[in-house]
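# Structure assessment
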Amino acid sequence: MEPGLIQRYRAFLPVTDRTPVISLGEGSTPLLRARALEAWLGCRAEVYLKVEGANPSGSFKDRGMTVALSKAVEDGARAVICASTGNTSASAAAYAAAAGCAAFVLVPQGKVALGKLSQAVAHGATVLEVQGNFDDALKLVKDVAATHPVALVNSINPYRIEGQKTGAFEVCDQLGDAPDLLSIPVGNAGNITAYWRGFQEYRAAARARRLPRLLGWQAEGAAPLVLGHPVKNPRTIASAIRIGNPASWQSAVAAAGESGGAIGAVSDAEILEAYAEIPRREGIFCEPASAAAVAGLRKFHREEGLPAGSRVVCVLTGHGLKDADRALSLAPRPAAVPCTLEAVAAALRLS
Ligand SMILES: *Cc1c(COP(=O)(O)O)cnc(C)c1O
């Protein structure tokens, strides 16, 4: 069996011999050179994709959840709770099931991709649709966790960030050093915070020689970190980053700034363009929020230029199947044909 993250990076994580390890074999995700995207971007940099959709529940959230659930069980928790735009609930439900804990999930009503909701339900979580947005749901779960014996597993739980920093460790291990640039979507801003911590810790431990610049990307209609104030009604097709008041606001701004990078915004049109190009060119299907990393890199290259030979990693945070409706809605319906060789050959323009 592939060892999970806690086993592989134990020395960097807040666990002891007494911590029961709740793992589904997360991490060890592919890092792929994306030559066809380099051509699309028109750059002479080396672009790599960190395929986080390859995690057990289909998103990077599993990196944080293995540590969060392990520590919750160590501390005697019998139930966990989270607010979610979808992937946190899918991951929390899966790891809670593995731990034998109950999972309570609050999602914004009607705003969660079907695949993600199906995961939470399949794993036996109790799901409530809140008549509000993600930010409202997060406030509610904080109140519940403060007044009831339920462990909060949103990324304000420090163990989530600790687990997620292993994404940076893996990138360094796979490339032999930190990249020049890391491009990443930003929603509640925990992941960019976690990557920065991971790169810093790896360099301090002499497992990497340098630090990357971080480029974080929000959607234009949900870009509080770019605007400098919370957004009351965040709007974007990229539901995983539809967040108006990020919990890790300060640390994300600090991470981008300290790294010499920035947090910018891309439009839904730019996100959808990248969302269409990535699977066609590279054979990797990610969800719209993940495509923001590539859309943002394209914008950055257009405006500032990626240096030739530099190494760039785009974090593709979640799997495309989670939001299958989105892909189908953007393509023509498959043509119906009679059940004959002639008809099929003609429809495929092979005759
Ligand atoms: C959670 C999530 C994000 C945003 O990550 P934050 O840590 O909230 O900034 C981006 N993409 C996907 C697919 C996610 O599930």
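A brief structural summary. Each chain carries its own residue numbering, running from 1 in the written order of its sequence. Since the coordinates come from a predicted model, pLDDT governs what is reported: local features require at least 70, and pairs of side-chain atoms require 80 or more to be given and counted, while whole-chain, interface and lining totals use all residues. The side-chain numbers reported here are obtained from all heavy atoms of the structure, hydrogens and water having been left aside.

## Considering the overall build of the chain
Going by this rule: Elements are defined by DSSP. Helices are runs of H or I of four residues or more, strands are runs of E of two residues or more, and each kind is numbered from the N terminus. The globule rule used here is 2.2 Å times the number of residues to the 0.38 power, and the radius of gyration it is set against is calculated over C-alpha atoms. Buried, partly exposed and exposed residues are distinguished by accessible area as a fraction of the type maximum, computed with a 1.4 Å probe on protein chains only: under 20%, between the cut-offs, and over 50%, respectively. The contact rule is simple, with two residues in contact once any of their heavy atoms fall within 4.5 Å.
Of the regular secondary structure elements, the chain holds 15 helices and ten strands. For a compact globule of 351 residues, the expected C-alpha radius of gyration is about 20 Å, and the chain comes in at 20 Å, within 12% of that figure. With the C-alpha coordinates aligned to their principal axes, the bounding extent of the chain is approximately 65 × 50 × 45 Å. For the chain, the residues scored as buried account for 56% of the 351 residues in total. In the chain, of all internal contacts separated by at least 6 residues, the share reaching a separation of at least 24 is 71%.

## Observations concerning the packing of helix α9 (residues 190-204) against helix α11 (residues 249-258)
Two quantities define a packed helix pair, namely the angle between the axes and the distance from one axis to the other. So the rule is basically this: The angle between two axes is taken between their N-to-C directions and runs from 0 to 180 degrees, where each axis is a line fitted to C-alpha atoms and a helix contributes only its stretch in contact. Convention used here: angles under 35 degrees read as roughly parallel, angles over 145 as roughly antiparallel, angles from 65 to 115 as roughly perpendicular, and any remaining angle as oblique. In this scheme the crossing of two helices becomes right-handed for a clockwise turn of the near helix relative to the far one and left-handed for an anticlockwise turn of less than a right angle. Classes in brief: Ala, Val, Leu, Ile, Met, Phe, Trp, Tyr, Cys and Pro nonpolar; Asp, Glu, Lys and Arg charged; the others, Gly included, polar.
In the contact formed by α9 and α11, the axes pass within 8 Å of each other and the chain directions differ by 45°. Taken together, the axes of α9 and α11 are oblique relative to one another. As for how α9 packs across α11, the hand of that crossing is left-handed. Of α11, the residues touching α9 (which contributes I192, T193, W196 and Q200) are S251, A252, A255 and E258. Within the contact of α9 with α11, the residues separate by chemical class into four nonpolar, three polar and one charged.

## Regarding the pattern of salt bridges
Here is the rule: Each reported salt bridge corresponds to a side-chain nitrogen of Lys or Arg within 4 Å of a carboxyl oxygen of Asp or Glu.
Inspection of the entire model under this criterion finds 17 salt bridges. One salt bridge connects D177 with R209, and the closest N-O pair in it is separated by 3.4 Å. A residue pair is termed long-range when its members are at least 10 positions apart, and D177 in the loop between α8 (166-175) and β7 (181-185) and R209 in the loop between α9 and β8 (213-219) qualify at 32 residues. Look at D177 and you get buried, because its relative accessible area is 3%. For R209, a relative accessible area of 66% puts it in the exposed group. For D180, the salt bridge identified is with R210, shortest N-O distance 2.8 Å. Here D180, found in the loop between α8 and β7, pairs with R210, found in the loop between α9 and β8; they are 30 residues apart in sequence, far enough to count as distant. On the basis of relative accessible area, R210 is assigned to the partly exposed category, the value being 28%. In this structure, a network of salt bridges that share partners links the residues R8, K50, E52, R63 and E170.

## Quick word on unusual backbone geometry
The phi dihedral of A189 is positive, around 75°, even though this residue is not glycine. Looking at where A189 falls in the secondary structure, it is placed in the loop between β7 and α9.

## A closer look at the sheet that holds strand β4 (residues 102-108)
Which entries qualify depends on this criterion: Two strands make a pair as long as DSSP finds a minimum of two bridges between them.
Read from one edge of the open sheet, four strands run β5-β4-β3-β6, paired in parallel fashion. Each edge of the open sheet is held by one strand with a lone partner, namely β5 (126-130) and β6 (151-152). Packed on one face of the sheet, helix α4 (residues 87-99) meets β3 (79-83) and β4 and runs near 175° to β4.

## Considering the nonpolar core
It is characteristic of soluble globular proteins that their nonpolar side chains tend to be buried jointly. Rules: Among buried residues, those of type Ala, Val, Leu, Ile, Met, Phe, Trp, Tyr and Cys that are joined through side-chain atoms within 4.5 Å constitute a nonpolar core.
In terms of nonpolar packing, the biggest core is built from 36 residues, with V47, L49, I271, I278, V294, L297 and L306 touching the most fellow members. Of all the secondary-structure elements, those providing two or more residues to this core are α2 (35-41), β2 (46-51), β8, α12 (268-282), α13 (288-303) and β10 (311-316). No other element matches α13, which puts eight residues into this core. Residues A168, L182, A208 and V315 belong to the second largest nonpolar core, which totals 34 residues.

## Thoughts on the site of the ligand
As a reminder, the rule being used: Near residues are defined by distance, with any heavy atom within 4 Å of the molecule or strand qualifying the residue. Polar contact is defined as a pair of N or O atoms within 3.5 Å, subject to the rule that within protein one atom must be able to donate a hydrogen and the other to accept it, and that residues adjacent in sequence are counted only when both atoms are side-chain atoms. In these tables, accessible area is a Shrake-Rupley quantity obtained with a 1.4 Å probe, and a residue counts as shielded only by the protein chains included in the view. Think of a 1 Å grid over the protein atoms and nothing else: a 1.4 Å probe that fits but is trapped marks a cavity, an open set flanked by protein within 12 Å on at least five of seven lines marks a pocket, and residues with an atom within 4 Å of a point count as lining. What decides whether a molecule sits in a cavity or pocket is whether more than half of its atoms lie within 2 Å of the grid points.
Around the ligand sit 17 residues, and of these K61, N87, G187, N188 and T317 come closest. Taking N87, its side chain carries an N or O atom lying 2.7 Å from an oxygen atom of the ligand. A distance of 2.8 Å separates an oxygen atom of the ligand from a polar atom in the backbone of G187. For the ligand, the accessible surface in isolation is 380 Å², of which the surrounding protein chains cover 97%. Comparing atom positions with the cavity grids shows the ligand to sit within the largest cavity. Sorting the residues of the shell around the ligand by element identifies α9 and α13 as the ones contributing at least two each. Residue classes in the shell around the ligand are distributed as seven nonpolar, eight polar and two charged.

## Some points on a nonpolar patch on the surface
Defined as follows: Think of a patch as exposed residues, more than 30% relative accessible area, with no salt bridge, where like charges cluster within 9 Å and nonpolar side chains (Val, Leu, Ile, Met, Phe, Trp, Tyr) cluster within 5 Å.
Together, V337, V344, L348 and L350 give the surface a local cluster of nonpolar side chains, amounting to about 370 Å² of exposed area. Locating L350 in the fold gives a position in the segment after α15 (341-347). Accessibility expressed as a relative area gives 66% for L350, which makes it exposed.

## Some points on empty space enclosed by the protein
A probe matching the size of a water molecule, rolled over the atoms, marks out where space remains unfilled. The following threshold applies: Grid points are joined across faces, edges and corners, and a volume is the space filled by probe spheres set on the points.
For the coordinates displayed, the defined rule picks out one cavity of 30 Å³ or more. Taken as a whole, the largest cavity spans an internal volume of roughly 300 Å³. Forming the boundary of the largest cavity are 26 residues, of which F60, K61, G187, N188 and A240 lie nearest the centre. Looking at the lining of the largest cavity, the elements that each hand over two or more residues are α4, α7 (158-164) and α9. Residue contributions to the lining of the largest cavity peak at three residues, all from α9.

## Notes on α12
Selection criterion: Between the first and last residue of a helix there are one fewer steps than residues, each counted as 1.5 Å, and that sum is the expected span. Summarising the geometry, the arc corresponds to the directions from the helix axis toward the C-beta atoms.
In this model, α12 (15 residues) spans 21 Å end to end at C-alpha, consistent with the 21 Å of a helix rising 1.5 Å per residue. Buried residues of α12: E270, I271, A274, Y275, I278 and E282, and no others. On an axial view of α12, the arc spanned by its buried residues comes to 140°, and they lie on one face. Exposed residues on α12 whose side chains face more than 90 degrees from its buried face are A269 and R280. Downstream of α12 by one or two residues, G283 has phi in the positive range, about 75°.

Any functional reading would require information beyond the geometric quantities listed.
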